[in-house]
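Residue-level structural notes
Listed below, chain by chain, are the residues.
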Amino acid sequence: MNNIRRGLLAGLAAGLVLATLNFVTDGTPGRTLPDALRWFGITIADPIVSRFAGFFLLIILGGVFGLIFGALQRERSVTSNRALLSGLLLGFIWWLVFSLLLTNIMKHAPSPFSLSFGEFLATFPIDLLFGVVLGSIYFQLQARSINLSE
Amino acid sequence: MGISSSASDRNQFAATRAKAGSTVLAPVILSERSITGFALIRIFVGYLWFQQLFWKMPPDFAGLYKYIILESRHAIIPGYGALLQHTFLAGCTSLSTPSGCTLFVPLAAGVWTAELLVCLSLMFGIFTRFGAILGTILAAQLYVGLGYVDWYWTYGMLVLLCLGLTAIPAGRRMGIDAWLAPRLQAAANDNRVARLLSWFV
């Protein structure tokens, strides 16, 4: 159960980092946050409510990915290698599902895999970063609990 | 400077410090919370550079042109404007578009690539100190060129932020350097390249 709890905490923290990065965008703060709602076909007319809802949705989705991360590690203790690689893999899956497929489907793009260089650059590194942060925080939490138990 | 995570390390350090009395400077050890805080700062400074890629995108890097013109006119160091005129702006015929410029696109590509390296290095914590040094150089160049155009401290703060990250191993938490650093340090005794690379993590 520890792995699931650790995964959830790491996912929520990584989701918070991702949501905050989306908040500090150029121009109007948080203008990209409603994109997370659009992945699920949700539209909120009030821009402020829409941004806050997007912010919290990203954190919740981070938590869900954290749960998946924790479940994948089972009850064993993971190496930094494995934590980072699993994180990168989940970051890639996040990008594939949300930033590519769902974005294109909701925009009614000609193909679910439509992608320009600008869109790729704007989304891919950030989503991979989410994965790296998720894996790193999970590993840090595991190291801390090992230190405390010694 | 070191990173300590355990209470026993801190106790040992406190005992050593007490023995040494006031004759020596105590070494500084960063706590887990401090280094994690610096890791977050590193990610956001990297994101700052990341966002600036999008207004000067390839293939023409047109967004950069206006700023090179400004730098060539308002540089705070004498001769820097002339240097830009003979490199970035060689052959340019217009003040608004890079038409006729012979070297603008390859040099602007170099700037864009350097900024991409800085943001990837800082956001992912991979060879973080290298990214921070490169960021310091780029920010210093902006300070020289645009110090009189924007608020004087804008680029000064950017220089200081990047300079701060060269001094701290901020990539060793929430970054790939956490994985790289022990491996490079282990190989550093036998391998000159590993020793050189270990300076940058």
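Residues numbered from 1 in each chain as written. Chains lettered and ligands numbered in written order. Predicted model: local features only at pLDDT ≥ 70, side-chain atom pairs only at ≥ 80, totals over all residues.

All right, on to the overall build of chain A then. Secondary structure assignment for chain A yields 5 helices and 0 strands. Along chain A, helices (α) and strands (β) appear in the sequence α-α-α-α-α when read from the amino end. Relative to its length of 150 residues, chain A is compact, with a C-alpha radius of gyration of 16 Å against a globular reference of 15 Å. Within chain A, the fraction of its 150 residues that count as buried is 39%. Restricting to contacts in chain A with at least 6 residues of sequence separation, those with at least 24 account for 75%. (Helix = DSSP H or I, 4+ residues; strand = E, 2+ residues; numbered from the N terminus. Rg over C-alpha atoms; globule rule 2.2 N^0.38 Å. Buried ≥ 20, exposed ≤ 12 C-beta atoms within 10 Å, placed from the backbone. Contact = placed C-beta atoms within 7 Å.)

A few words on the packing of helix H5 (residues 104-124) of chain B against helix H6 (residues 128-146) of chain B. Two numbers describe a pair of packed helices, the interaxial angle and the distance between the axes. All names here are of chain B. Running from amino to carboxyl end, H5 crosses H6 at an angle of 140°, the nearest separation of the two axes being 8 Å. Relative to H6, the element H5 is oriented oblique. Considering only the axes of H5 and H6, their crossing is left-handed. In this structure, H5 uses Ala114, Glu115, Leu117, Val118, Ser121 and Leu122 to contact H6, whose residues at the interface are Thr128, Phe130, Gly131, Ala132, Leu134, Gly135 and Leu138. Per-class residue counts for the contact of H5 with H6 are 8 nonpolar, 4 polar and 1 charged. (Axes fitted to C-alpha atoms, helices over the stretch in contact; angles between N-to-C directions. Parallel < 35°, antiparallel > 145°, perpendicular 65-115°, else oblique. Left-handed = near helix turned anticlockwise from the far one by under 90°. Nonpolar A, V, L, I, M, F, W, Y, C, P; charged D, E, K, R; others polar.)

Let's shift gears to the nonpolar core. In this structure, Ala14(A), Val133(A) and Leu134(A) are the most contacted members of the largest nonpolar core, which totals 69 residues. Among the elements that line this core, the one with the most residues is helix H5 (residues 117-149) of chain A, at 10 residues. Apart from the residues lying within four places of it in its own chain, the contact partners of Val133(A) are Ala14(A), Val17(A) and Met174(B). Counting 11 residues, the second-largest nonpolar core is a separate cluster that includes Ile68(B), Leu84(B), Leu89(B) and Phe104(B). (Core = buried A, V, L, I, M, F, W, Y, C linked by C-beta atoms within 7 Å.)

What follows deals with unusual backbone geometry. Residue and element names in this part refer to chain B. That bond from Pro58 to Pro59 is cis: its omega, 10°, falls within 30 degrees of zero. Examined against the element boundaries, Pro59 turns out to sit in the loop between helix H2 (32-51) and helix H3 (62-74). One non-glycine residue, Phe61, adopts positive backbone phi at about 50°. Tracing the chain through its elements places Phe61 in the loop between H2 and H3. The class of Phe61 is buried, set by 21 C-beta atoms lying within 10 Å.

Next up on the list: the interface of chain A and chain B. A common way to state how big an interface is: give the accessible area lost once the parts meet. Tallying the contact residues gives 18 residues for chain A and 18 residues for chain B. Those elements giving two or more residues to the side of chain A that touches chain B turn out to be helix H1 (2-23), helix H4 (80-106) and H5 of chain A. Its residues assigned to classes, the side of chain A that touches chain B comprises 11 nonpolar, 6 polar and 1 charged.

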